[in-house]
Amino acid sequence: MSGKTAWITGASSGIGEALAKEWLARGGHCVLSGRNVAALEAVASVAPDRCLVLPFESTDYSALPALVDQAVAFAGGVDVLVNNAGISQRSLAVDTAFPVYQKIVDVDLLAPIALTQALLPHMVARGSGHVVMISSVAGKVGSPMRTAYSAAKHGLIGYADALRAETDGLGLRVLVVTPGSVRTDVSKNALTADGSTRGVSDRAIENGYPPEVAAQRIWDAMDAGTRELLIAEGMEAAIVDLRAKEPEKLFDMMAASVAAGYAQKMAAENN
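From a predicted model like this one, the values you see are computed outputs, not experimental measurements.

A. Molecular detail of the packing of aromatic side chains. One pass over the full model with this rule turns up 3 aromatic pairs. On the basis of an interplanar angle of 65° and a centroid distance of 6.5 Å, the ring pair of tryptophan 7 and phenylalanine 56 is categorised as edge-to-face. Here tryptophan 7, found in strand S1 (residues 5–8), pairs with phenylalanine 56, found in the loop between strand S3 (51–53) and helix H3 (64–75); they are 49 residues apart in sequence, far enough to count as distant. For the pair formed by tryptophan 7 and phenylalanine 56, the shared burial category is buried.

B. Broad picture of the pattern of salt bridges. This structure, assessed with the given rule, holds 12 salt bridges. With its nearest N and O atoms 3.6 Å apart, the salt bridge here joins glutamate 57 to arginine 35. With a gap of 22 residues between them, glutamate 57 in the loop between S3 and H3 and arginine 35 in the loop between strand S2 (29–32) and helix H2 (37–44) connect regions that are remote in the sequence. The class of glutamate 57 is partly exposed, set by a relative accessible area of 33%. With a closest N to O distance of 2.9 Å, glutamate 228 and lysine 140 form a salt bridge. Of the two residues, glutamate 228 is situated in strand S7 (residues 228–231) and lysine 140 in the loop between strand S5 (129–134) and helix H5 (147–167); the sequence distance between them amounts to 88 residues. A residue is classified by how much of its surface remains accessible, and lysine 140, at 25% relative accessible area, is partly exposed. A cluster of three or more residues bridged by salt bridges with shared partners is formed by Arg90, Arg146, Arg198 and Asp202.

C. Main features of the state of the cysteines. Tallied over the full model, the rule gives 0 disulfides. Cysteine 51 provides the cysteine sulfur closest to cysteine 30, a residue in no disulfide bond, and the two sulfurs are 5.3 Å apart.

Calculation criteria
Each chain carries its own residue numbering, running from 1 in the direction its sequence is written. Local features are withheld for residues below a pLDDT of 70 in this predicted model, meaning they are given only at 70 or higher, and side-chain atom pairs are given and counted only at 80 or more; totals for whole chains, interfaces and linings count all residues. The basis for every side-chain value is the complete set of heavy atoms in the structure, and neither hydrogens nor water enter the calculation. Geometry of aromatic contacts follows a simple scheme: Phe, Tyr and Trp rings, the Trp one being its six-membered ring, pair when their centres are within 6.5 Å, and the pair is stacked under 30 degrees between planes, edge-to-face over 60, tilted otherwise. Runs of H or I in DSSP of at least four residues are treated as helices and runs of E of at least two as strands, each being numbered from the N terminus. Classification of residues uses two cut-offs on accessible area relative to the type maximum, computed with a 1.4 Å probe and protein chains only: under 20% is buried, over 50% is exposed, and between them is partly exposed. By salt bridge we mean one thing: a side-chain nitrogen of Lys or Arg within 4 Å of a carboxyl oxygen of Asp or Glu. Only a pair of cysteine sulfur atoms within 2.5 Å counts as a disulfide in this structure description.

Laid out in structure tokens, this is it:
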């Protein structure tokens, strides 16, 4: 990874920040994107001579061509694109306003597709490159209180799988990462039924994987040529396996969880 350039979205905190710091520790260059300029600059201070802070709004699609030009020019090319920026959800479908679906799908699905499409010709022309998609366990299993999030993250995996098939013979590689609970602000920043920010975290998130460990596993998997990486343990890992092997059993479990008051327990964590 020494001397190679990784462009990481959502690099100001959480998994994105941890990925950037780990990449820099391994000798690489980073293009750091997100909306919080001060936080991005704080990450870049680890190795300012090897970082380009490139803030942008992920859904500003018209800005992408110029941003790609800047990222490519920074260190002579982009070797790795990590689509990490995203936003989660904590609300029942019956209560959720449709604009919430539009925002989450825009940020979690269309934005990473748009950025990948904008950078793809550069990677194809070079005959090399790695695209890393940070999906979720919710991209494998439809999770209650996360209908919009699950839809977007499922879609991201579908796009990545098809892209991998198309570009494998062109020298490109695609890694899909499906994290479960990682100790970040993902739950605190999740949208509620009316589009407002939840403001509190989940107990599962607070007890989840350290983002630094997740980052190490992701870069090691990419280096090994892995095509899909699950970062989960316990029940979260089990439900992914169950979805593949015994989906009917999983559907019953999920419905039973809701019937037992899952939504009410989540709401109580807000208070």
